[in-house]
Amino acid sequence: MENRYLGREEAPLGAGTWQLLDSSMIEAAKSQLAGRRIISIEGPFGFGLKVIPVNDCDLEEGISGSAFVPVNEIKSEFSLGKRDLASFEKDKLILDMSPVACAAVDCAAKEDQIIFHGIQGSPGLLTADGSSSQTLTKWDKIGTAADQIIESVTKLDDAGFHGPYCMALAPSLYNLLLRRYPQGDGTELDHIRNIVTDGVVKAPVLKKGGVILASGRQYVSIVIGQDMTIGYNGPAGDRLDFYVIASLALLIRTPEAICVLK
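All figures in this text were calculated on a predicted structure; none of them were measured in a lab. (Residues numbered from 1 in each chain as written. Predicted model: local features only at pLDDT ≥ 70, side-chain atom pairs only at ≥ 80, totals over all residues. Heavy atoms only, no water.)

With that settled, consider the environment of A159. Locating A159 in the fold gives a position in the loop between α6 (144-158) and β8 (165-169). A159 gets classed as partly exposed once you look at its relative accessible area, which sits at 45%. Separated by 98 residues in sequence, A159 and A257 place their C-alpha atoms 7.9 Å apart. (Helix = DSSP H or I, 4+ residues; strand = E, 2+ residues; numbered from the N terminus. Buried < 20%, exposed > 50% of the residue type's maximum accessible area, 1.4 Å probe, protein only.)

Written out as structure tokens, the structure reads:
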């Protein structure tokens, strides 16, 4: 049924071509995505999911209602030449997958933008009310990062969240953790992974700082409507137009389980 709404059945492509497009999209998206690597996933529930109801609340005496978290759709378009597709399907010549990869990376960046920074009406990990925060100093000296991560974990521990924990960092901070301790062969990243045991990931969508959170869907989860896939728009001159699409929402149940690294 999902393919009917995405137009895939209308595209003049064989199964092998679709398999190549899908695998190229997945490979490219995985190189970008960070949120999915540390946060619990619920779903996918399908293309038609538009909102997620949360707990009922009292509106007036004897009247209650439910608020909703919107499920946001993300999309990025690309096109492929008809002759290129025909030569691939007929003669198995190499088909340039860079348009697919670029669209997938763009969609992945939009997904992580929603997860970390939020979007109108829906907070992200860095913008949720009720979370704690840790101000970082420069990590020029090896060991400083580990000390500050321990301070952040201690804040979560004091708030009643005793781990395990996961963490996402801006690339500039993550890369500093690859330095080796002068007194041994281990890196600072190895050290921190003994503290933050449920994953330490590089998040390209972050320009600075990062976030640590207690692991588990009871605190935070990503709700997937339509998992990332490719749809077909139709012919356009000597090309065929496609798009990468997904829909999701970040559901923050317990913002106190989040510590923002500033």
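Next up on the list: the nonpolar core. One finds F116, L125, I149 and F242 to be the most contacted residues of the largest nonpolar core, which totals 76 residues. Among the elements that line this core, the one with the most residues is helix α5 (residues 98-117), at 8 residues. With sequence-adjacent residues up to four places away left out, I149 is seen in contact with W139, M167, I192, I195, V196, I212 and L261. With 6 residues, the next largest nonpolar core counts V71, V223, A249 and L251 among its residues. (Core = buried A, V, L, I, M, F, W, Y, C linked by side-chain atoms within 4.5 Å. Contact = heavy atoms within 4.5 Å.)

What follows deals with the pattern of salt bridges. Here the structure, examined in full by the defined rule, presents 6 salt bridges. As a salt-bridge pair, D91 and K90 come within 3.3 Å of each other at their nearest N and O atoms. By sharing partners, the salt bridges in this structure join R36, E111 and D227 into a single network. (Salt bridge = Lys/Arg side-chain N within 4 Å of Asp/Glu carboxyl O.)

So, on to helix α2 (residues 15-30). Its 16 residues give α2 an end-to-end C-alpha distance of 23 Å, which sits within 8% of 22 Å, the value for a rise of 1.5 Å per residue. If you check which residues of α2 are buried, you get T17, W18, L21, D22, S24, M25, A28 and A29. The buried side chains of α2 occupy one side of the element, clustering within an arc of 160° when seen end-on. Opposite the packed face of α2, turned more than 90 degrees from it, sit the exposed residues A15, Q19, E27 and K30. Where α2 is buried, its residues touch β4 (72-81), α4 (82-91), α5, β12 (229-236) and β13 (239-252). (Expected span 1.5 Å × (residues − 1). Arc of directions from axis to C-beta.)

Before going further, it helps to examine the packing of α2 against α5. Running from N to C, α2 and α5 point in directions that differ by 45°, and their axes come no closer than 8 Å. In this view, α2 runs oblique relative to α5, as classed from their interaxial angle. Both α2 and α5 take part in a crossing whose hand is right-handed. In this structure, α2 contributes L21, S24, M25, A28 and A29 to the contact, and α5 contributes V100, A101, A104, V105 and A108. (Axes fitted to C-alpha atoms, helices over the stretch in contact; angles between N-to-C directions. Parallel < 35°, antiparallel > 145°, perpendicular 65-115°, else oblique. Left-handed = near helix turned anticlockwise from the far one by under 90°.)

Quick look at the pairing of strand β3 (residues 63-70) now. By the bridge criterion, 7 bridges tie strand β2 (residues 51-60) to β3 in an arrangement that is antiparallel. Bridge assignment links D56 to a residue of β3, and that residue is S66. Here β2 hands over to β3 after 2 residues, with G62 in that stretch at a positive phi of 80°. (Pairing = 2+ DSSP bridges.)

With respect to the helices, strands and loops of the structure, K75 is situated in strand β4. Looking at K75, the relative accessible area reads 35%, which means it is partly exposed. Separated by 50 residues in the primary sequence, K75 and L125 place their C-alpha atoms 22 Å from one another. Beyond its immediate stretch of four places on either side in the chain, K75 contacts D106, C107, K110, Y243, V244 and I245.

These results come straight from atomic positions and should not be treated as a statement about function.
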